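In case you want the letters, here they are:
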Amino acid sequence: MINIIMVDATLNPPGSHMFVILNTTSVDPELKEFTAAYAVWSRVPVHSPPNGAAFVEVWDIPPSEALVLLNHPEMEEGQVIHEA
């Protein structure tokens, strides 16, 4: 199933991306491995149609799960970031 998420067009101009910083479906507790479509630190493109709106599309997020996106993530001192 597709989900359309509206985002601020002034903070997310055409050609920009949002970064996944949390995906509660990303690890299967039984398998202990990555199982989701959106890995942490992967990028989701922002779509900008001519009407001035901005949105991202995400697929297959099951009920009761969460996907958190940021447009300009900043590293904090001592933080370990794993590139996707």
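In this text, all values refer to a predicted model and were calculated from it rather than measured experimentally. (Residues numbered from 1 in each chain as written. Predicted model: local features only at pLDDT ≥ 70, side-chain atom pairs only at ≥ 80, totals over all residues. Heavy atoms only, no water.)

1. Concerning the nonpolar core
Item 1. Judged by nonpolar contacts, Val7, Met18, Val20, Tyr38, Val44, Val46, Ala54, Val56, Val58, Leu67 and Leu69 together constitute the single largest core of eleven residues.
Item 2. Of all the secondary structure elements, the ones that give two or more residues to this core are strand 2 (17-23), strand 6 (54-59) and strand 7 (67-70).
Item 3. Per element, the largest residue contribution to this core is three residues, and it comes from strand 6.
Item 4. If near-sequence neighbours (up to four positions away) are discounted, Tyr38 is found in contact with Val20, Asn23, Val44, Glu57, Val58, Trp59, Ile61 and Leu67. (Core = buried A, V, L, I, M, F, W, Y, C linked by side-chain atoms within 4.5 Å. Buried < 20%, exposed > 50% of the residue type's maximum accessible area, 1.4 Å probe, protein only. Helix = DSSP H or I, 4+ residues; strand = E, 2+ residues; numbered from the N terminus. Contact = heavy atoms within 4.5 Å.)

2. Re the side chain of Asn23
Item 1. In this structure, Asn23 sits in strand 2.
Item 2. Here Asn23 falls in the buried class, since its relative accessible area comes to 3%.
Item 3. Looking at Asn23, its side chain comes within polar contact range of the main-chain oxygen of Tyr38, at 2.8 Å. (Polar contact = N/O pair within 3.5 Å; in protein donor to acceptor, adjacent residues only side chain to side chain.)

3. With respect to the environment of Leu69
Item 1. In this structure, Leu69 sits in strand 7.
Item 2. Between the C-alpha atoms of Leu69 and Leu22, which are 47 residues apart in sequence, the distance is 7.3 Å.
Item 3. Discounting chain neighbours no more than four positions away, the residues touching Leu69 are Met18, Phe19, Val20, Val44 and Val56.

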